[in-house]
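Residue-level listing of the chains:
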Amino acid sequence: MTADDHSPAQNPAADSAFLRACRREPVPHTPVWFMRQAGRSLPEYRRVREGIGMLDSCMRPDLVTEITLQPVRRHRVDAAIYFSDIVVPLKAIGVDLDIKPGVGPVVGRPFRTREDLERLRPLEPDDVAYVTEAVGMLTGELGATPLIGFAGAPFTLASYLVEGGPSRNHEHTKAMMYGAPELWADLLDRLADITAAFLKVQVEAGASAVQLFDSWAGALAPEDYRRSVLPASAKVFGAVAGYGVPRIHFGVGTGELLGAMGEAGADVVGADWRVPLDEAARRIGPGRAVQGNLDPAVLFAPREAVEAQALRVLEAARGLPGHVFNLGHGVLPDTDPDALTRLVEFVHERTVR
Ligand code: 1CP
């Protein structure tokens, strides 16, 4: 698809509340979707995944389509997010990794030296033909509901590759960033190209927006983020700028980084629950919409408490020229699905214009 294919005449989702909010246009109601809405808490998800490995399920367009649609059917969210994982493009170019149940991505041989970079070849669309097929099936089914494509940001992907798996302190990653800055820059640059190629596949197949997950960027001091990470993320956003689809940038614990993240080139910047949205918008700067930011743990409280906290988010966002309601991080696995459905209804009812 080209930029023209994403025009209102070509894309039935172009006039949706979600895309309008991303473009900072007036909306009929505040749009809402949830990070990690696909999978996680839904019994119908567990049923279709039974006996099928996570990465295997990401390569089956029929399963991807079904799992992506499940939360749209059940919760009536304003956008679908493509069911996949941030390590799928790395697997697709032959990196020896797996997603272990209850753990997350685990890399066979962690990346520590220059020779390791040779294991990162460019991503070609044919490497992920199943993505093109699944996005095509999905846009047909979704009609006026937009589909969000996504990828992991270079820093967050690098953390999995260098540590070899999930990490609390990112110590090997930071050791490379501080101790071997040229190797680090080359690693992030390669990851930026792979990430950009992966997002392009999704947009060209019909995704209406993209989100770059830099989940672990909040582990960095602002100066280090600016010098050692921002250039690679900016390269990704630049590479997909020409399609005219909204680009969303998100990380956890990024209160001190929001200004820098706002400069990386996204149209929408997400914030977690630690910063009120009005303050987040001030830090992000003008010309960007904001996404967020209900604490996902709030959903474990009684309905009245969830609604009170959701209202706090809506109050903080009042008057901002573009707000996409979301959680401040992904849906927690034990969340009651009905609490999510009720929250979607509540946000819609409270914000009807
Ligand atoms: O949003 C959705 O519903 C689509 C599905 C999706 C997304 C957007 C999955 C499925 N993964 C992701 C992104 C992702 N994966 C991120 C960024 C978002 C975030 O911060 O939550 C990250 C950091 C990962 C890495 C990952 N994959 C983890 C986290 C591990 C850690 O470091 O703490 C885990 C547990 C996975 C596995 C995974 N990804 C997705 C699912 C459904 C699962 C569980 C797989 C299983 O065992 O069945």
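Everything numeric in this text was worked out from a predicted model, so none of it was measured. (Residues numbered from 1 in each chain as written. Predicted model: local features only at pLDDT ≥ 70, side-chain atom pairs only at ≥ 80, totals over all residues. Heavy atoms only, no water.)

A. A look at the site of the ligand. Near the ligand lie 24 residues; those nearest to it are Ala 38, Asp 85, Tyr 160, Ser 215 and His 329. Between the ligand and the protein, one listed contact pairs an oxygen atom with a backbone N or O atom of Ala 38 at 2.7 Å. Notes on the ligand: free accessible area 890 Å², of which the protein chains cover 86%. Broken down by secondary-structure element, the contributors of at least two residues to the shell around the ligand are helix H2 (43-49) and strand E3 (104-107). Considering only residue class, the shell around the ligand consists of 16 nonpolar, 5 polar and 3 charged. (Near = heavy atom within 4 Å. Polar contact = N/O pair within 3.5 Å; in protein donor to acceptor, adjacent residues only side chain to side chain. Areas by Shrake-Rupley, 256 points an atom, 1.4 Å probe, with all protein chains shown as cover. Helix = DSSP H or I, 4+ residues; strand = E, 2+ residues; numbered from the N terminus. Nonpolar A, V, L, I, M, F, W, Y, C, P; charged D, E, K, R; others polar.)

B. Looking closely at unusual backbone geometry. Omega for the bond connecting Gly 292 with Asn 293 falls within 30 degrees of zero, at -5°, which places this linkage in the cis form. Following the sequence through the fold, Asn 293 ends up in strand E8 (residues 289-294). Although it is not a glycine, His 170 sits at a positive phi angle of roughly 55°. Here His 170 lies in the loop between helix H7 (154-163) and helix H8 (171-179).

C. Examining helix H15 (residues 337-351) more closely. The end-to-end C-alpha distance of H15 is 22 Å, a good match for the 21 Å that 15 residues give at a rise of 1.5 Å each. Looking only at H15, the buried set comprises Pro 337, Ala 339, Leu 340, Thr 341, Leu 343, Val 344, Phe 346, Val 347, His 348 and Thr 351. Lining the buried residues of H15 we find H2, helix H4 (61-75), E8, helix H14 (303-317) and strand E9 (323-327). Of the residues that open H15, the one with a side-chain oxygen 2.9 Å from the backbone nitrogen of Asp 338 is Asp 336. (Expected span 1.5 Å × (residues − 1). Buried < 20%, exposed > 50% of the residue type's maximum accessible area, 1.4 Å probe, protein only. Contact = heavy atoms within 4.5 Å.)

Remember, this is a structural readout, not a statement about activity or role.
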